[in-house]
Every structure is written in structure tokens, then in C-alpha cells.
Amino acid sequence: MQKSGSQDQPILTPTQAKELAKEVFPDNHVHGTLFKKADDAIEVIFYDAEPEFYQSVFLNPYSGKVIQVDNHLTGFFAFILKGHMRLWLPKDIGEQVVGVSILLFIFIIISGFILWLPKKRKNLKQRLKFDWKKTTRWKRKNFDLHSIVGFYVCSLALILAFTGSMMSYKWLMYGVYIATGGEKEAAFNIPKNNSETPEDTTAKPWDNLIVKLMKESPEAEAYELHYPTTADESVYVEVSNSKGLFYDSDFRFFDQNTLEEIETESVYGKYKNAQIPDKIVRMTYDIHIGSIGGLPGKIIAFLVSLLTASLPVTGILLWYGRKYKKKEAPSVRTRELVD
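Residues numbered from 1 in each chain as written. Predicted model: local features only at pLDDT ≥ 70, side-chain atom pairs only at ≥ 80, totals over all residues. Heavy atoms only, no water.

Peer 1: Before we go on, may I ask you to explain the pairing of strand β4 (residues 66-71) in this structure?
Peer 2: Regular strands place their side chains on alternate faces of the sheet. Here strand β3 (residues 53-59) runs beside β4; their pairing, made up of five bridges, is antiparallel. Bridging from a neighbouring strand, F58 pairs with Q68 of β4. Here β3 hands over to β4 after six residues, with G64 in that stretch at a positive phi of 80°. (Pairing = 2+ DSSP bridges. Helix = DSSP H or I, 4+ residues; strand = E, 2+ residues; numbered from the N terminus.)

Peer 1: Is there a simple way to think about the sheet that holds strand β2 (residues 42-48) in this case?
Peer 2: Working definition: the strands of a sheet are paired by backbone hydrogen bonds and lie parallel or antiparallel to each other. The eight strands are arranged β4-β3-β2-β1-β5-β6-β7-β8 in an open sheet whose pairing can be described as antiparallel. Each edge of the open sheet is held by one strand with a lone partner, namely β4 and β8 (261-262). Relative to strand β7 (residues 250-254), strand β6 (residues 235-240) runs antiparallel, the two sharing five bridges. Residue V239 lies in a different strand from β7, and its bridge partner there is D250. Where helix α1 (residues 14-22) meets the sheet, it contacts β1 (30-35), β2, β3 and β5 (222-226), and its direction lies at approximately 60° from that of β2. (Contact = heavy atoms within 4.5 Å. Axes fitted to C-alpha atoms, helices over the stretch in contact; angles between N-to-C directions.)

Peer 1: Explanation requested: the environment of K37 in the structure shown.
Peer 2: Note on placement: K37 falls in the loop between β1 and β2. With relative accessibility at 36%, the residue K37 sits in the partly exposed group. C-alpha separation for the pair K37 and P61, spaced 24 residues apart in sequence, amounts to 10.0 Å. Contacts of K37, omitting those with residues within four sequence positions, involve P218, E219 and A220. A distance of 3.4 Å separates the side chain of K37 from the backbone oxygen of P218, its partner in a polar contact. (Buried < 20%, exposed > 50% of the residue type's maximum accessible area, 1.4 Å probe, protein only. Polar contact = N/O pair within 3.5 Å; in protein donor to acceptor, adjacent residues only side chain to side chain.)

Peer 1: I tried to follow helix α7 (residues 276-289) on my own but got confused; where do I start?
Peer 2: Residues three or four positions apart in an α-helix share a direction because the helix packs 3.6 residues into each turn. Between its first and last C-alpha, α7 extends 20 Å over 14 residues, near the 20 Å set by a 1.5 Å rise per residue. Its axis deflected by about 45° at M283, α7 carries its strongest bend there. Those residues of α7 that are buried lie in contact with α2 (76-86), α4 (138-168), α5 (170-179) and β7. Once α7 ends, the next one or two residues include G290, with phi positive near 85°. (Expected span 1.5 Å × (residues − 1). Bend = angle between axes of the 7 residues up to and from the residue.)

Peer 1: Just to check I follow, could you spell out the pairing of β6 for this structure?
Peer 2: With six of six residues buried, β6 is to be regarded as a mostly interior element. A two-sided burial pattern is seen for β6, the buried positions comprising V235, V237 and V239 on one face and Y236, E238 and S240 on the other.

Peer 1: Is there a simple way to think about the pattern of salt bridges in this case?
Peer 2: In a structure, side chains of opposite charge can pair up when their charged atoms sit close to one another. Per the stated rule, a full pass over the model turns up 10 salt bridges. We note a salt bridge from R252 to E216, for which the minimum N-O separation is 3.1 Å. Remark: E216 occurs in helix α6 (residues 209-216) and R252 occurs in strand β7; sequence separation between them is 36 residues. Salt bridges sharing common partners tie together K212, E216, R252, E261, E263 and K270. (Salt bridge = Lys/Arg side-chain N within 4 Å of Asp/Glu carboxyl O.)

Peer 1: Explain the environment of L225 here, please?
Peer 2: Among the secondary structure elements, L225 is positioned in strand β5. What makes L225 buried here is its relative accessible area of 0%. Along the chain, L225 and W206 lie 19 residues apart, while their C-alpha atoms are 9.0 Å from each other. The contacts of L225, once residues within four sequence positions are left out, are P14, G32, T33, W206, L209, I210, V235, Y236 and V237.

In C-alpha cells:
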């Protein structure tokens, strides 16, 4: 989103931004409001699960004028994402199908590696590099494509599949967290206020939060404020510290009446307080999409996914060649015995 131009006046408060955006979608729920640098447009994010609704309204940070409206559920990448997450099926059914498929895929990767292991050590070299000649038959080439390519991508494919399973199944994420020595709550929880609910609830102290956090963390990439849904719930702000990364964000919670900061028992708190098990859980998404390694990491994840998609093709050809291979013509000696 392009910058809206600097002006000698304060930026919109979260409450003002929410009210202006609600004029566009009055019947939908505001998930949060994203503030970036001072001159960048303010993004008010709307999300409803049923019926699914996910759109953003971009506002001029000074005048509040609507600059743009984006529908995150339409377009090429939204279409691909739906296929990746639920095979374009209804959400409840599709996510379960994809989750089980990933677990089966992990089993296939592990079993494939076991089958890859040569029985004799001298044959190991043939499983590690291509040694094709002009006389090499296509069946041998297909076998090499399946086994050699499969070997080099299986470890990374296993990481991508396993992190996908961790996001699909909370019990698996919790199991990994406990196994690595985690002692906090491996879930996102919003703590309650420390103060009592005041009689006058028209005041919105959190309107001062964004300016306060911009001064405290001027190097941050963005500040996403989430409005409390009840009178006793704290307000939280996700402070993004790195562009394109999620794991090192700071999740900060504040009493909605006093703005006193509240510490959380969850792994999703300030990144500086995260232990190794906490970081493993927080890194799951970034590892899965490859952003943990920046642009090179995303390219590697894309290539691994592409090469992994070729393995079922070469695997089917191997299966077909073995099950339906042509019967060899009988030798002279065999014909003599038959006659």
C-alpha cells in the first residue's frame, strides 16, 4: 500500500480508524487495525468465520479517507491458498482431509528413505548421482529421477510436511513443545485486565497505545492492535520486528482501563523472553513457508515443493513398469524344452 503523504497533524486513533472503516462494512467484525510508519495507510482488517469474510479497508492516516478496499478471499493466490489448506472443499471437511494426507505423506517420506537405502555399500554411489550414458534406458532414468531426487529433497520435504502437521494438529504442536522442554502454554491466550471495569466505559485509553509503542519501538515494521471483545479482556498489540517474519514479533498485552502491561504465561509474549522450545513453536509457520531464510529460503521451499510434486509421477511410472512390464520372448533353450 502506497504512502498517503505526511501532514502536520496527528494520525487517526484506533477507535477513529475502526469507526470510519465500519462505515464500509457495518455488519462485519473488525479483527484488528494495522499501523505501519507514520505516513503509511492504516489497514483495518475485517474477518468473520461464518460466513467467511476477510477484507481490509485502507485509510489515509490523517484525513481518514478510504484509499482502497482489498478482498483477501479472491484472486489467484487466494484460490491457491484454499486448495493448499482445504482442497477447495468446505473448511471443516477440507482441513481434515489435508491434515490426514500430510500425516500419510510423512509416512511415505520415511518409508521411501528406508527403501532408498542400498543393501550393499558399493551401490551407494549410484543412489547419490546421475550416471547416464547414451545407452541408458528410460526406465533406469526414471528410477534415478525418483530415487536420487527423492533423496536430496526428502529431508527438506519432511520439515515442510511436519511443520504443516504441527499447524493442523494442536496435539502435535503441544507434543513437540513438551518434548523439547517447554514449560509455558503452547497456545495463544489473551489475559484478563488487572483492574476493575470502570463505570464510564466510553473512554478508550488504548487510543494512546500506538503512539506510545511507536516511540518505544521506532524500528518495528508494524503495530497491529486488536480491540478487546469484553469489558474484562485486555487489549493486545502485535509488534512486528522483522519484515516478512512472524516468529520474532512481540505480543504485548495491556489493561484496557489503565494501560498497565500484563505478562502472559503463553509462548506468545515478548520475543526476548522466549526460550528455545517457545521459539520452535513460534517459528513453525516461518519454517513452513521458507521465510525463515528470507528470499533464498522461500525459493528453496518452492523448489523443494516442486520437486516433491514430481515424485508421485516417477513413482507411478515405476509401479506401472513393474506391474505391467512386457513378458520377455522365450529363449531358444526354453522353446526346445516346450517342443
